[in-house]
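Chain by chain, the residues:
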Amino acid sequence: MATLGQIIFASMITLIVIFSAIIILTLALVFSGSSSDVTSTNTAPVANLGEDELLICYLHTETGRTTVSQVSVTWTKEDLEGLVYRYDDGAPDLGEQNSQFRGRTEISSDALLSGNASLLIRSVRSGDEGKYTCSISSSDGGGKVNIRLRTAAFSAPTFRFSNGVLTAEASRWFPKPNVTWLNSDGGVLQGRTNFSQDSGGIYSVVSELQPVNISSSYTCRIENDLVLSVSKATVTGSGVSKNTYFIYSAASSLLASAYLSIITSVLCICYLT
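Nothing here was measured: the structure is a model prediction, and the numbers come from that model.

**Regarding the confidence of the model for the protein**
Okay, so step 1: On average, the protein scores 84 in pLDDT, and the residues at 70 or more come to 77%.
Okay, so step 2: Within the model, the stretch residues 21-35 combines pLDDT values under 50 with 25 contacts to residues more than four positions away or in other chains.
Okay, so step 3: Across residues 252-273, confidence stays below pLDDT 50; counting only partners more than four residues off in sequence or on other chains, it has 18 contacts.

Shown next, in the form of structure tokens:
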């Protein structure tokens, strides 16, 4: 039979799990900040520094409706004086636009007719990182959604094979990444990696793996807290064929902090018990 202490402990764990679920759900709702008619397919995008990024925001329209009318859109950024972008009365209204975004932002007027108020930011900078709010009002409804833009630098590696050494080179990474080599069975291999940093703080990566067998496939993973690059490289007699894809971190810092606090609480209870 379970002792009284074990029963109390089990009850406390159950309560912690329940409260944890409530806290995480609440934070998720707060973080998204979405109201009924306005939403986004990606509320935590990762933009590649120096490249363009589209912040997704659109208005749900009634079934069967293909256009919306009397649309007003305002994009703001937390802790920013002025606006990021405004569209009103059929045209951009940029009188209060912050200079940081002048000439770098755009909403497609054609897409807006169908409720798509997504914002294009050209040549993303590190200072563009932060919390944005897209607000829409129209004759068909309105609302707002929050989007947390994160910035990083990342690039797919190139590969070369010479004298039994497979080398991967990636020119742009930030924050500083880790590199892991795997064989075709998923086993970790010992590689040698060097980093160099330019004046802007961007890292270049050179990683070598040896010995390497002809006709064998290897996986090179380059990753930091925001982006994971996965490349499958196959060594052939004539060179290296490769395929690369990226995975972006979706977890917000708020949810991660909440999860860490919950786990810490559980560990403390286990220790005291």
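**Re the packing of aromatic side chains**
Geometry of an aromatic ring pair is reported as the spacing of the ring centres plus the angle between the planes.
Okay, so step 1: According to the stated counting rule, one finds six aromatic pairs in the structure shown.
Okay, so step 2: Each ring, one from Phe159 and one from Trp181, has its centre 6.3 Å from the other, and the planes form 75 degrees; the classification is edge-to-face. Placement of Phe159 in strand β12 (residues 158-162) and of Trp181 in strand β14 (residues 178-182) is noted, with a sequence separation of 22 residues between them.
Okay, so step 3: Phe159 sits in the buried class, given a relative accessible area of 14%.
Okay, so step 4: Accessibility expressed as a relative area gives 2% for Trp181, which makes it buried.

**With respect to the pairing of strand β19 (residues 227-236)**
Okay, so step 1: Among the 10 residues in β19, seven count as buried, and that is most of the element.
Okay, so step 2: As judged from the seven bridges shared by strand β18 (residues 217-223) and β19, these two strands associate in the antiparallel manner. Among the inter-strand pairings, Cys220 is bridged to a residue of β19, identified as Ser231.
Okay, so step 3: Linking two consecutive strands that pair antiparallel, namely β18 and β19, is a turn of three residues.
Okay, so step 4: Linkage of β19 to strand β20 (residues 239-248), two consecutive antiparallel strands, is achieved through a turn of two residues.

**Let's talk about the environment of Asp37**
Okay, so step 1: Assignment of secondary structure puts Asp37 in the loop between α1 (4-32) and β1 (38-39).
Okay, so step 2: Residue classification places Asp37 among the partly exposed positions, given a relative accessible area of 26%.
Okay, so step 3: Along the primary structure Asp37 and Ile136 are separated by 99 residues, whereas in three dimensions their C-alpha atoms are 9.0 Å apart.
Okay, so step 4: Apart from the residues lying within four places of it in its own chain, the contact partners of Asp37 are Tyr58, Leu59, His60, Gly141 and Gly142.

**Brief notes about the pattern of salt bridges**
Side chains carrying opposite charge are able to pair once their charged atoms draw close together.
Okay, so step 1: Here the structure, examined in full by the defined rule, presents seven salt bridges.
Okay, so step 2: Of the charged contacts in the structure, one is a salt bridge between Arg122 and Glu106, with a shortest N-O distance of 2.3 Å. Here the residue Arg122 occupies a position in the loop between β9 (119-121) and β10 (130-138), and Glu106 occupies one in strand β8 (residues 105-106), the gap between them amounting to 16 residues.
Okay, so step 3: Overall, the relative accessible area of 35% leaves Glu106 in the partly exposed class.
Okay, so step 4: Two residues, Glu223 and Arg221, come together in a salt bridge whose shortest N-O distance is 3.4 Å.
Okay, so step 5: A cluster of three or more residues bridged by salt bridges with shared partners is formed by Arg86, Asp93 and Glu96.

**Points about the nonpolar core**
In globular proteins that are soluble, nonpolar side chains generally tend to be buried together.
Okay, so step 1: By size, the foremost hydrophobic cluster in this structure holds 29 residues, and its most contacted members are Val73, Trp75 and Ile136.
Okay, so step 2: For this core, the secondary-structure elements that each account for two or more residues are β5 (72-77), β6 (85-88), β9, β10 and β11 (141-152).
Okay, so step 3: With near-sequence residues (within four places) excluded, Ile136 lies in contact with Val38, Cys57, Tyr58, Leu59, Val71, Ser72, Val73, Gly115, Ala117, Gly141, Gly142 and Gly143.
Okay, so step 4: With 20 residues, the next largest nonpolar core counts Phe159, Cys220, Leu226 and Val227 among its residues.

**Some details on the sheet that holds β9**
Okay, so step 1: The three strands lie next to each other as β3-β9-β8, forming an open sheet whose pairing is antiparallel. Taken across any chain shown, the strands that pair with only one partner, and hence form the sheet edges, are β3 (53-55) and β8.
Okay, so step 2: Note: β8 against β9, two bridges, orientation antiparallel. Its bridge partner being in β9, Thr105 is matched across the sheet by Ile121.

So, how was this worked out
Residues numbered from 1 in each chain as written. Predicted model: local features only at pLDDT ≥ 70, side-chain atom pairs only at ≥ 80, totals over all residues. Heavy atoms only, no water. pLDDT = per-residue confidence, 0-100. Contact = heavy atoms within 4.5 Å. Phe/Tyr/Trp six-rings, centres within 6.5 Å; stacked < 30°, edge-to-face > 60°. Helix = DSSP H or I, 4+ residues; strand = E, 2+ residues; numbered from the N terminus. Buried < 20%, exposed > 50% of the residue type's maximum accessible area, 1.4 Å probe, protein only. Pairing = 2+ DSSP bridges. Salt bridge = Lys/Arg side-chain N within 4 Å of Asp/Glu carboxyl O. Core = buried A, V, L, I, M, F, W, Y, C linked by side-chain atoms within 4.5 Å.

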